[in-house]
Amino acid sequence: MSTENPEPAGSTGGTLARARNIRCVYGGGETDFTAVDGVSIELGDGEILGLAGESGCGKTTLGNALAMIAVPPLYVLSGTLEIDGDDIDLSTLSTADVARHRPYRGRTVSMLPQGAMNSISPTLRISSLVRDVMRAHDPRISKDEALDLARERLTMLDMPVRALDSYAHQLSGGMKQRMITVISTLQNPRLLIADEPTSALDVSSQRMLVEMLLEMVDQRIMSGVVFVTHDLPVLSQVSDRLAIMNAGQIVESGPTRQLVEDPQHPYTRTLLSSVLDPSHETRARGAARFTAGAGPNPEEVGAP
Ligand SMILES: Nc1ncnc2c1ncn2[C@@H]1O[C@H](COP(=O)(O)OP(=O)(O)OP(=O)(O)O)[C@@H](O)[C@H]1O
Ligand SMILES: [Mg+2]
């Protein structure tokens, strides 16, 4: 059974959030599958933390726990999140006491779910989505107030306000993803969990989304982002720090440049070599080791 990673990711400035010893399982019975295995992370104020790892390593599950979204068969067995002076017990997420975490969802931590841009109802205009999302978090807000806020935010970010009148299928993939990102941050969450926000986008749309996220942090729309992806080149551009996840654990974390230039853990080296090394041979060898969430054999890759 595992343990907390000894060196949490984080910044040298003020701390925005500190998550400790998060353990998540799927099942809730004797056949539990541990998807997140004692993870701790720390995020500095104004920081973008990149969370990388191969498919199935537990990134989305960890993101859901941080965003306080736990729907069976996902159970959060342990974990705390310190943010904004609150020390939130995540292990109570999966109990019937759902009201306890409601005030934090969307406001303290907001989730931009993986694949969200493809799950917008084709029968709703973007403006209806804005109203629905805002009113789900705060039933007191009027439709007009929600739309005014969205218009103001789009203008601030140099985005076309008229996109609010469109249906999802009328927008390009890049525009759709940027609209969803704006909508999921209308309440100025302290922390945004962005789960694979660039994965389905072409290179120029990826760049626009990344630039928008950086601008949002600069403008203090949110105070920090956990940017989840398996796309290390994108992460290296956007993240202040990286945390590398494998089989439910953070195996290494640190400042982006340091981690990319001098990775210490064999899994990090393999992950980096599979995308950054132009040699075909290295790519092929790296890819061959990524099987079923298991890490590489340390002896094979020359562990320190
Ligand atoms: N609803 C579920 N029921 C059972 N197991 C699940 C469920 N959702 C995810 N898992 C399992 O939990 C593990 C972690 O999944 P998770 O979606 O967190 O990985 P990920 O790193 O986000 O992968 P990807 O890069 O493909 O999005 C995987 O082995 C997955 O099969
Ligand atoms: Mg995922």
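You'll find the structure just up there.
Note that residues are indexed from 1 along each chain, following the sequence as it is written. Lettering of chains starts at A and numbering of ligands starts at 1, both following the order in which they are written. With the structure being a predicted model, the display of local features is reserved for residues of pLDDT at least 70 and the display and counting of side-chain atom pairs for 80 or more, all residues being used for whole-chain, interface and lining totals. Hydrogens are left out, water is left out, and the side-chain values use all remaining heavy atoms of the structure.

Caption draft 1: Looking closely at the coordination of the magnesium ion (ligand 2). Donors, by definition, are the N, O and S atoms found within 2.8 Å of a metal, the threshold being 3.2 Å for Na, K and Ca, and water is not counted, so a site can look incomplete. Summarising the metal site, the magnesium ion (ligand 2) is bound by the protein donors Thr60 (OG1) and Gln114 (OE1), whose distances to it range over 2.0 to 2.2 Å. Here Gln114 lies in the loop between strand S6 (109–112) and helix H2 (126–137) and Thr60 lies in helix H1 (residues 59–66), a separation of 54 residues in the sequence. Each residue is assigned to one of three classes by its accessible area relative to the maximum for its type, calculated with a 1.4 Å probe on protein chains only: buried under 20%, partly exposed between the two thresholds, exposed over 50%. For Gln114, a relative accessible area of 46% corresponds to the partly exposed category. To qualify as a helix, a DSSP run of H or I must reach at least 4 residues; to qualify as a strand, a run of E must reach at least 2; elements of each kind are numbered from the N terminus.

Caption draft 2: Seen up close, helix H5 (residues 203–218). Given a rise of 1.5 Å per residue, 16 residues ought to cover 22 Å, and the 23 Å separating the end C-alpha atoms of H5 matches this to within 8%. Along H5, the residues classified as buried are Ser205, Gln206, Leu209, Val210, Met212, Leu213, Met216 and Val217. The buried residues of H5 all sit within an arc of 160 degrees when viewed along its axis, so they share a single face. Across from the buried face of H5, at angles greater than 90 degrees, the exposed residues are Val203 and Asp218. Every residue pair with non-hydrogen atoms within 4.5 Å of one another is taken to be in contact. Buried-residue contacts for H5 involve strand S3 (47–52), helix H4 (173–183), strand S7 (191–195), strand S8 (224–228) and helix H6 (232–238). Just downstream of H5 lies Arg220, where phi reads positive at about 65 degrees. Helix span, expected: 1.5 Å multiplied by one less than the number of residues in the helix. What the arc covers is the set of directions going from the helix axis to the C-beta atoms.

Caption draft 3: Structural detail: the pairing of S6. Burial of the side chains of S6 extends over both faces: Val109 and Met111 are buried on one face and Ser110 and Leu112 on the other. Strands are labelled as partners when DSSP assigns at least two bridges between them. Inspection of the sheet shows S6 paired to S7 by four bridges, in the parallel sense. What sits directly across from Met111, in S7, is Ile193.

Caption draft 4: Spatial organisation of the sheet that holds S7. Ordered by their spatial adjacency, six strands build an open sheet running S6-S7-S8-S3-S9-S10, and the pairing between neighbours is mixed. For this open sheet the edge positions go to S6 and strand S10 (249–255), each flanked by a neighbour on one side alone. Strand-to-strand, the axes of this sheet are offset by a mean angle of 15 degrees, without reference to chain direction. For S3 and strand S9 (residues 241–246), the ladder comprises four bridges, and the chain directions are parallel. Residue pairing for S9: Ala52 is matched across the bridge by Ile244. Note on definitions: angles span 0 to 180 degrees between N-to-C directions of axes, and those axes are lines fitted to C-alpha atoms, for helices only across the stretch in contact.

Caption draft 5: View of the site of ligand 1. We call a residue near a molecule or strand as soon as one heavy atom of that residue lies within 4 Å of the molecule or strand. The full set close to ligand 1 counts 14 residues, and Ser55, Gly56, Lys59, Thr60 and Thr61 are the nearest of them. Any N or O atom pair separated by 3.5 Å or less is treated as a polar contact, with the protein-specific requirement of one donor-capable and one acceptor-capable atom, and with residues adjacent in sequence counted only for side-chain atom pairs. The separation between an oxygen atom of ligand 1 and a polar main-chain atom of Cys57 is 3.2 Å. Within the side chain of Gln114, a nitrogen or oxygen atom sits 2.9 Å from an oxygen atom of ligand 1. Surface accessibility in these figures is a Shrake-Rupley result with a 1.4 Å probe; residues are shielded only by whichever protein chains are displayed. For ligand 1, the protein covers 63% of the area, taking 640 Å² as the surface of the free molecule. Contributing elements (two or more residues each) for the shell around ligand 1: strand S2 (33–44) and H1. Among the elements that make up the shell around ligand 1, the one with the highest residue count is H1 (three residues).

Caption draft 6: Representation of the pattern of salt bridges within the structure. Whenever a carboxyl oxygen of Asp or Glu lies within 4 Å of a side-chain nitrogen of Lys or Arg, that contact is scored as a salt bridge. By the definition in use, this model includes 10 salt bridges. Residues Arg220 and Asp45 are paired through a salt bridge, measuring 2.9 Å at the closest nitrogen-oxygen approach. Taken together, the positions of Arg220 in the loop between H5 and S8 and Asp45 in the loop between S2 and S3 put the pair 175 residues apart, joining distant regions of the chain. Among the salt bridges present, the one from Arg257 reaches Glu261, with a minimum N-O distance of 3.0 Å. Taken together, the residues Arg257 and Glu261, both in helix H7 (residues 256–261) and four residues apart, mark about one turn of the helix. The same class applies to Arg257 as to Glu261, namely exposed. One network of salt bridges, in which partners are shared, links Arg18, Arg20, Glu42 and Glu82.

Caption draft 7: Layout of the side chain of Thr92. Checked against the element boundaries, Thr92 lands in the loop between strand S5 (86–89) and S6. At 3.5 Å, the side chain of Thr92 forms a polar contact with the side chain of Arg100. Apart from the residues lying within four places of it in its own chain, the contact partners of Thr92 are Arg100 and His101.

Caption draft 8: Focus on the nonpolar core. Membership of the largest hydrophobic core comes to 50 residues, with the highest contact counts inside it found for Val130 and Met179. Looking at this core, the element that brings in the most residues is H5, giving six residues. For Met179, the contacting residues outside a window of four places in its chain are Ile126, Leu154, Met159, Ala163, Leu164 and Leu171. Judged by nonpolar contacts, the second largest core, of 35 residues, contains Ile22, Met68, Leu81 and Val109. What is meant by a nonpolar core is a set of buried Ala, Val, Leu, Ile, Met, Phe, Trp, Tyr and Cys residues, joined one to another through side-chain atoms within 4.5 Å.

As far as function goes, none of this settles anything; it's purely spatial.
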